[in-house]
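# Understanding the architecture of this molecule
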Amino acid sequence: STWISVLGGSLRDVEFNPSNSNTVFACTNTSYHKSTNGGNSFSTITNGVPQTGVGRMAIAVTPDDTNYVYLLASDATTSGFYGLYRSTDAGNSFSLRTNSPNVFGYNTSGNDSGGQSWYDMALAVSPTNKFEVYTGGINVWKSINGGATLFALSRWNWPTGSYEYVHADIHTLDFYGNDLFCGSDGGIFKSSNSGNNFVDLTAGIQNSQFYRLSTSVTNSGTIMGGTQDNGSFMLKNGTWTHVTGGDGMECIVDYSNANIMYSSSQYGNLYKSTNGGASFNGITGSIGDQGAWVSPYTLDPANPNTIYLGYDQIWKSTNG
C-alpha cells in the first residue's frame, strides 16, 4: 500500500541472513550494501569489494554458515568474469577467491573471453555445505572448495558431450531444500544430486515462440523450427532435439535429401547439416554483410544446391 525508498541505484540482488532477517545484503551493479535493521537503512561496504571495472554483481548466502557471504562480479568492459569474492565475517569484508576461468563465457573450458553477464548472472550456495558454490550465465559452473576453483557442469548447446544440458541465459539459481533449481530463457531445470544431473521441468509450460517452421518433402515425420531465445529444434521419429543455439530463425530441410538441413540464428547466421541433424556447421562466415534479426533464405526450386540469402544485399550460393 505504501513504500519507502531505503536504497537507491540499479539494484541487482537482495539476500537475507538465513538465521536473522534483520540482516539484509544488497548490491547494485557496482556497489555492495548491508543492513542490520531489517532494511530500514543500509551501509556501503567496500572492504575487499571490487571498486572499479565492475559491470554487475550478485550475492549468495547459506544457512550452513551465516557468516559466509559470496559475491560474484563481472567485467564492465567485456561482460566476462571479474571475480568471485567471499566473506567469512557476515558480509563485513571480502577477499578474492578466483578470477578464472571465464565462467560467463560460452566454452565449458572457460578459456574464452567475454560473455552476457549484463543480461544473465546467477549465484547460489548449498544450504548444507558452505564450500559448495554454483554460478550461472551461459553455463552452470560449480566449486567444491569455497570458490577457489570452478568447473563447468552444463553446456548450453548441442551436443553436450559429457556435460549436462541446461539452457543458456541463466537468470537464477536457487535451492529449495537440497534441490537446485535453474531458471533460464529455456525454462526450468532441477538437480537433486549437487549438479551432477539436471532434469528439464519445462514440459507443460507453453513458452516456446516459433519464428519459422519447415517440413521435409521426402519424410513427413521430419520437421524443423526456429524459436525465440531457444535456438532451432528438429523433430524426428517423434522426438524433438535442440540442434543449434541462439535465437532460432528460418529452417529448411532439403527437398531432395532429408539428411541435408539448414538452420539459422539471429542476424542471418546460417548453419548446415549433411548427416540428418546430428551436427551442424556455420556456412556464412565469409559474408561481410549482416542480416536482419530474421534473415530470409531459400533453396532454388530447381536445384537445391542453389541458395539465395537476403542480407543488406542478396547473396547466392551454387554449391550448397
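Note: the structure precedes this text.
First things first, this report covers the structure right here in the doc. (Residues numbered from 1 in each chain as written. Predicted model: local features only at pLDDT ≥ 70, side-chain atom pairs only at ≥ 80, totals over all residues. Heavy atoms only, no water.)

### Some points on the sheet that holds strand β5 (residues 54-61)
Stated formally: Pairing between strands requires that DSSP locate at least two bridges from one strand to the other. The way it works is that DSSP assigns letters per residue, a run of H or I at least four long becomes a helix, a run of E at least two long becomes a strand, and they are numbered from the N terminus. Comment: axis = line fitted to C-alpha atoms, over the contacting stretch for helices; angle = value between 0 and 180 degrees taken between N-to-C directions.
Strand order in this open sheet of four strands is β5-β6-β7-β8, and the pairing throughout is antiparallel. Because the sheet does not close on itself, it has two edges, and the strands there are β5 and β8 (95-98). Taking each pair of neighbouring strands and ignoring which way they run, the sheet shows an average axis angle of 30 degrees. Note that strand β6 (residues 69-75) and strand β7 (residues 81-87) share six bridges and pair antiparallel. Directly across from Ser-74, in β7, lies its bridge partner Phe-81.

### Side note on the sheet that holds strand β24 (residues 261-265)
Ordered in space as β23-β24-β25-β26, the four strands form an open sheet in which the pairing is antiparallel. Each edge of the open sheet carries a strand with a single partner, namely β23 (252-253) and β26 (281-282). In this sheet, strand β25 (residues 269-273) lies alongside β24 in antiparallel orientation, the contact comprising five bridges. Residue pairing across strands places Ser-264 opposite Leu-270, the latter belonging to β25.

### Topic: unusual backbone geometry
Where we set the bar: For each residue, the accessible area found with a 1.4 Å probe, counting protein chains only, is set against the maximum for its type, and the residue is called buried under 20%, exposed over 50%, and partly exposed in between.
At the junction of Ser-100 and Pro-101, the peptide bond is cis and its omega measures out at -5 degrees in the coordinates. In this structure, Asn-237 takes a positive phi of about 55 degrees despite not being glycine. Secondary-structure assignment places Asn-237 in the loop between β21 (231-236) and β22 (239-244). In this structure Asn-237 comes out as exposed when scored by relative accessible area, which is 78%.

### Focus on the packing of aromatic side chains
As a reminder, the rule being used: Each Phe, Tyr or Trp ring (for Trp, its six-membered ring) is paired with any other whose centre lies within 6.5 Å, and the angle between the two planes then decides the class: stacked below 30 degrees, edge-to-face above 60, tilted in between.
A full pass over the atoms with the stated rule returns nine aromatic pairs. Taking the centre distance of 6.1 Å and the plane angle of 85 degrees together, the rings of Tyr-68 and Phe-131 count as edge-to-face. Of this pair, Tyr-68 sits in the loop between β5 and β6 while Phe-131 sits in the loop between β9 (122-125) and β10 (133-136), and the two are 63 residues apart along the sequence. Taking relative accessible area as the criterion, Tyr-68 reaches 11% and is therefore assigned buried. When its relative accessible area of 33% is taken as the criterion, Phe-131 is described as partly exposed. With a centroid separation of 5.1 Å and 85 degrees between ring planes, the pair formed by Tyr-267 and Trp-293 is classed as edge-to-face. Of this pair, Tyr-267 sits in the loop between β24 and β25 while Trp-293 sits in the loop between β26 and β27 (297-299), and the two are 26 residues apart along the sequence. Exposure remark for Trp-293: the relative accessible area of 34% places this residue in the partly exposed category.

### Here we look at the pattern of salt bridges
Just so we agree on the cut-off: When a carboxyl oxygen of Asp or Glu lies within 4 Å of a side-chain nitrogen of Lys or Arg, that pair is called a salt bridge.
Applying the stated criterion across every chain, the model contains three salt bridges. Note that Lys-130 and Asp-65 form a salt bridge whose closest N and O atoms lie 2.9 Å from each other. Of this pair, Lys-130 sits in the loop between β9 and β10 while Asp-65 sits in the loop between β5 and β6; the two residues are 65 residues apart in sequence, bridging distant segments of the chain. Comparing Lys-130 with Asp-65, the two get one shared label, buried.

### Focus: the nonpolar core
This is how the line gets drawn: Residue types Ala, Val, Leu, Ile, Met, Phe, Trp, Tyr and Cys, when buried and joined through side-chain atoms within 4.5 Å, form a set referred to as a nonpolar core. Whether two residues are in contact is decided by their heavy atoms: any pair within 4.5 Å suffices.
Residues Tyr-70, Leu-72, Phe-81, Leu-84 and Leu-123 are the most contacted members of the largest nonpolar core, which totals 16 residues. When near neighbours in sequence (up to four residues on either side) are disregarded, Leu-72 contacts Arg-56, Met-57, Ala-58, Phe-81, Gly-83, Leu-84, Phe-104, Met-121, Ala-122, Leu-123 and Thr-135. Grouped together as the second largest cluster of nonpolar side chains are 14 residues, Cys-27, Tyr-32, Ile-45 and Val-54 included.

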